[in-house]
Amino acid sequence: MMKFHISTFGCQMNEHDTEKIIWVLEKIGYQQTNNRNEADIIIFNTCAVRKTAEDRAFGQLGELQDLKRKNPDLIIAVCGCLMQKEEIRDYFLSKHKHIDIVFGTNNIHKLPQLIDRHLRTGDKVIDVIEDTREISDNIDSNRKYSYKAFVDIMYGCNNFCSYCIVPYTRGRERSRSVKSIINEVENLAQTGCKEITLLGQNVNSYGKTLEEKTTFSQLLALLNKIEGIERIRFMTSHPKDFSDELIEAYKSLDKLCNHLHLPVQSGSNRILKLMNRNYTKEQYLERIYKLREEIPDIAITTDIIVGFPGETEEDFEETLDLIKKAKFDSAFTFLYSIREGTNAAKMTNQIPDEIKHDRFQRLLDVLYPIGLESNKRLIKTVQKVLVEEISKNDENILSGRTECNKLVHFKGSRDIIGQIVDVEITNVKTFTLEGRMV
Ligand code: 5AD
Ligand code: SF4
């Protein structure tokens, strides 16, 4: 029996692609292993969003050379966003001659054929579809958890934020049909799934490419009716498209969790313009204030980039000011990373690493206390928690997530994993809550 090992380097979409790859390989009888040394095929599902993810994949691929020397039959396959870019693909192939198979994000279903071709001919097999208009909707996933699942609702992105490589790797925006999404979610519900996370680069523009126009809020309303599903989340929305209709959805749909991830990227209007984000700091804050007014207990998280080309101290202080006003529950923070092919990579006023790191630290110094404050408000409240796993350090401690997506640790036994239970919050830290089941 062939064994495969797969490493995932990127975001939730990348993770979900990994679940699809596992499904495709298990369907042809391959078995997953956690040990690279015993694998017959090693797959790297790469990410292109930041240089650090690229460097990690590149470095780890280099380390596989030894394994390949010891076992010349070992098959090394590389896929994911990085492989969608011709220059990067060619660079990887020229430096790492031991790569056997390259495939992209649009032809995961063909992997068995590609392996077969490689086994028959011994040739390097490279198969990447750059035209991303088609949606291959016939792949299932072998999901990591039975009680929660990612569901793609759209692919690609049309926004062309000037720093971002995604429109060049994942192609133009296209939506999956309502019917196929509902079908998938109904099947998930039947197999005991309680929580779905809808995935798309810009879920607010869902439906624009469909013949039968459906808005994202309408899709949410349809999914809200599916019996068995208890929680609906989504990732990621764009502030410029964050509509009143969606605020209404938060109010009217009982299964839509009270958490919003709304990447702001910067608080400086000048930088937002250079980033091609199409909203101002004031417009962003107006959306947040309105949402908090309507849904007072909503948790709001964001993405922030520091050190975008030309970012001045004043621009950066605008970002700090925005964080204080928006009172984010938490944020993913990134050092700006040059991505060849994007407009921002051509800008000549790149920020020195030293300044980037200094601003990054100052950003965290402002973010963390605000996050802690918002967690403190949960002390003594009872939260509904979807129990996810046993703690790595202590098998009597469980962890799970509240509706507002905060991680909670509490005592309990493994037989309640997958259930939604009531937990009273007793203590909080910056990133986690502690509680006891009631
Ligand atoms: N440099 C740093 N961060 C980036 N992101 C996207 N592209 C870059 C880049 N070139 C961040 C954005 C986005 C998140 C997924 O990754 O904040 O929202
Ligand atoms: Fe990248 Fe902007 Fe599209 Fe998000 S919305 S994927 S940051 S181009």
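Every value quoted in this text rests on a predicted model; they were computed, and no experiment measured them. (Residues numbered from 1 in each chain as written. Chains lettered and ligands numbered in written order. Predicted model: local features only at pLDDT ≥ 70, side-chain atom pairs only at ≥ 80, totals over all residues. Heavy atoms only, no water.)

Moving on: the pairing of strand β17 (residues 407–411). Of the two faces of β17, the one lined by Val408 and Phe410 is fully buried and the one lined by Leu407, His409 and Lys411 carries no buried residue. Of the pairings in the sheet, the one linking strand β16 (residues 397–402) to β17 comprises 5 bridges and is antiparallel in character. Bridging across to β17, Ile397 finds its partner in Lys411. Hairpin geometry of β16 and β17 is characterised by an intervening segment of 4 residues between the two adjacent antiparallel strands and by a positive phi of about 70 degrees at Asn405. Bridging between β17 and strand β19 (residues 432–437) involves 4 bridges; their strand directions are parallel. Residue pairing across strands places Val408 opposite Leu433, the latter belonging to β19. (Buried < 20%, exposed > 50% of the residue type's maximum accessible area, 1.4 Å probe, protein only. Helix = DSSP H or I, 4+ residues; strand = E, 2+ residues; numbered from the N terminus. Pairing = 2+ DSSP bridges.)

Bringing the site of ligand 1 into the picture now. Taken together, the neighbourhood of ligand 1 is formed by Val49, Arg50, Tyr163, Gln265, Asp303, Ile305, Phe334, Leu335, Tyr336, Ser337 and Arg339. Measuring from an oxygen atom of ligand 1, one finds a side-chain N or O atom of Arg50 at 2.8 Å. Tyr163 places a main-chain nitrogen or oxygen 3.0 Å from a nitrogen atom of ligand 1. When ligand 1 is considered free in solution it has 400 Å² of accessible area, and contact with the protein chains removes 85% of it. (Near = heavy atom within 4 Å. Polar contact = N/O pair within 3.5 Å; in protein donor to acceptor, adjacent residues only side chain to side chain. Areas by Shrake-Rupley, 256 points an atom, 1.4 Å probe, with all protein chains shown as cover.)

Turning to the sheet that holds strand β10 (residues 195–199), a few remarks are in order. Each strand in a sheet pairs with another by means of backbone hydrogen bonds, the pair being arranged parallel or else antiparallel. The strand order across the open sheet formed by 3 strands is β7-β10-β11, and the pairing between neighbours is parallel. Because the sheet does not close on itself, it has two edges, and the strands there are β7 (148–152) and β11 (231–235). Strand-to-strand twist across the sheet, computed as the mean angle between neighbouring axes with direction ignored, equals 25 degrees. Summarising the sheet, β10 and β11 pair through 5 bridges and their orientation is parallel. Paired with Leu199 across the strands is Met235, a residue of β11. Contacting β7, β10 and β11, helix α1 (residues 12–27) runs over the sheet at an angle of about 100 degrees to β7. (Axes fitted to C-alpha atoms, helices over the stretch in contact; angles between N-to-C directions. Contact = heavy atoms within 4.5 Å.)

Interface size is commonly expressed as the accessible surface area that is lost when the partners come together. Split into domains, the chain comes out as domain 1 (3–127) and domain 2 (382–437). The C-alpha-based centres of domain 1 and domain 2 are spaced at 35 Å. (Domains from an automatic or database assignment.)

Take the sheet that holds strand β5 (residues 101–103) next. Across the sheet, which stays open at both edges, the 6 strands sit in the order β2-β1-β3-β4-β5-β6 with parallel pairing between neighbours. Where the open sheet ends on each side, the last strands, each with one partner, are β2 (31–32) and β6 (125–127). Here strand β4 (residues 75–80) runs beside β5; their pairing, made up of 2 bridges, is parallel. Along β5, the bridge assignment pairs Val78 with Val102. Together, β1 (3–8), β2, β3 (41–46), β4 and β5 form the strand contacts of α1, whose direction differs from that of β1 by roughly 170 degrees.

Time to look at helix α2 (residues 51–70). Given a rise of 1.5 Å per residue, 20 residues ought to cover 28 Å, and the 30 Å separating the end C-alpha atoms of α2 matches this to within 8%. Ala53, Glu54, Ala57, Leu61, Leu64, Leu67 and Lys68 are the residues of α2 that are buried. Packing partners of the buried residues in α2 comprise β3, β4 and α3 (86–95). (Expected span 1.5 Å × (residues − 1).)

Moving on: the pattern of salt bridges. Counted under the stated rule, the structure contains 37 salt bridges. When the shortest N-O distance is used, the salt bridge between Asp127 and Lys110 registers 2.8 Å. Of this pair, Asp127 sits in strand β6 while Lys110 sits in the loop between β5 and α4 (111–121), and the two are 17 residues apart along the sequence. Given the relative accessible area of 21%, Lys110 is considered partly exposed. For Arg143, the salt bridge is made with Glu184, and the minimal N-O distance between the two is 2.5 Å. Separated by 41 residues along the polypeptide, Arg143 in the loop between β6 and β7 and Glu184 in helix α6 (residues 178–190) bring together distant segments of the chain. Comparing Arg143 with Glu184, the two get one shared label, buried. A single salt-bridge network, built from bridges that share partners, covers Glu311, Glu313, Asp358, Arg359 and Arg362. (Salt bridge = Lys/Arg side-chain N within 4 Å of Asp/Glu carboxyl O.)

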